[in-house]
Amino acid sequence: MTAKISLRNVSKQFTVRPGKKSGGTATTLTAIDSLNLDVRDGEFLTLVGPSGSGKTTLLDLLAGLSTPTSGEVLVDGQPVTGPGKDRAVVFQQYALFPWRTASANVSIGLEGKGPDGRKLSRRERAAKASEYLKLVGLACFEDRFPHELSGGMKQRVAIARSLAYEPDVLLMDEPFAALDAQTREQLQEELLRIWRATGKTIVFITHGINEAVYLGQRVAVLSARPGRLKAIVEVEIPDRDGAEDIRSTPAFVEQRHKVWTLLHDEVRLAQDAGHRKILPDGSAPDEPATHQTPERSAA
Ligand SMILES: Nc1ncnc2c1ncn2[C@@H]1O[C@H](COP(=O)(O)OP(=O)(O)OP(=O)(O)O)[C@@H](O)[C@H]1O
Ligand SMILES: [Mg+2]
């Protein structure tokens, strides 16, 4: 297997500001603990885990927006030292510049050097923006401003922007969470189409089990905080492209149930520990207690 992304024994801790109740001492919060994970070149990996299990923290590490406390994050075998144009991030919020048209938002990443390292002319940038807006189903929307677009359209623009500078890896943090169910399903289909057409490696975080199983070739399940890899589910759905509505096939329902079962206990654990997550005063007491239940060891 060629690993595009490798996480080797990765842990991430945060120092939490001292709160009034903790008597002024800063505490350490372990968001991710000893996580090992390989993502194949060209793979679509979805990542699920309870709220607070370290999913966004993990994505930030992959994006190079933060560094691990220990362990290694490798892309193409090289340690990640910061953000790079080989990796694009799509967040839940569209993060478009309101004063720029859709086209100008998409071409933003091309204003320095283009994907081949050459500086592109304004016309070339506009052509590339059109090409990617077309790819996400927004041909003819180049001149619209974000306030003239629906939520789904804005997210399409954000995806087009991420694709325009031709990264190898797309890192997506609940990108469809704010959308209505129909738009979400439509964008899921479009994302699969784009993934098939471009061969990108995609790491996609979601709270939706259906979404994880529908999109992912594998689903990585994180444990409740501190996030560890609880299991990896290989999604095996025969005739994936042939079925009219794969979500209602027995194979889909079975895989979905598998992920649901794995996640269910972790969500409960996270809820039980919720009051200890971070107290309103900012402290995070008795951190180590959550490590010790045997069934929560990494799969
Ligand atoms: N900069 C920070 N400083 C202190 N604690 C942090 C920081 N960033 C994240 N955390 C803590 O790390 C833990 C993991 O957070 P993270 O945002 O990665 O969770 P998540 O799995 O993405 O949750 P959600 O599903 O709600 O988005 C949480 O307990 C959070 O409070
Ligand atoms: Mg998150």
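Before any of the text, the structure's been laid out above.
Since we're looking at a predicted model, the values are computed, not measured.

(A) Fine view of unusual backbone geometry. For the bond from Arg 225 to Pro 226, the omega torsion is 0°, close enough to zero to count as cis. With respect to the helices and strands, Pro 226 occurs in the loop between strand E9 (218–222) and strand E10 (229–234). With a phi angle near 55°, Asp 76 is a residue other than glycine that sits in the positive phi range. Structurally, the position occupied by Asp 76 is in the loop between strand E4 (70–75) and strand E5 (78–79). Given 14 C-beta atoms within a 10 Å radius, Asp 76 is considered partly exposed. Here the phi dihedral of Glu 166 falls at roughly 50°; this positive angle occurs in a residue that is not glycine. When you line up the elements, Glu 166 lands in the loop between helix H4 (151–164) and strand E7 (169–173).

(B) Summary view of the site of ligand 1. What surrounds ligand 1 is a group of 15 residues, the closest being Phe 14, Ala 31, Ser 51, Thr 56 and Thr 57. If you list the elements that add at least two residues to the shell around ligand 1, you get strand E1 (3–16), strand E2 (27–40) and helix H1 (55–63). Top contributing element to the shell around ligand 1 by residue count: H1, with three residues.

(C) Expanded view of the pairing of E1. Bridge analysis of E1 against E2 gives 10 bridges, and the strand direction is antiparallel. Counterpart to Ala 3 in the pairing with E2 is Arg 40. Inspection of the sheet shows E1 paired to E4 by five bridges, in the antiparallel sense. Its bridge partner being in E4, Ser 6 is matched across the sheet by Leu 74.

Parameters and conventions
- Residues numbered from 1 in each chain as written.
- Chains lettered and ligands numbered in written order.
- Predicted model: local features only at pLDDT ≥ 70, side-chain atom pairs only at ≥ 80, totals over all residues.
- Helix = DSSP H or I, 4+ residues; strand = E, 2+ residues; numbered from the N terminus.
- Buried ≥ 20, exposed ≤ 12 C-beta atoms within 10 Å, placed from the backbone.
- Near = placed C-beta within 6 Å.
- Pairing = 2+ DSSP bridges.

Read these as layout, nothing more, since geometry by itself doesn't imply function.
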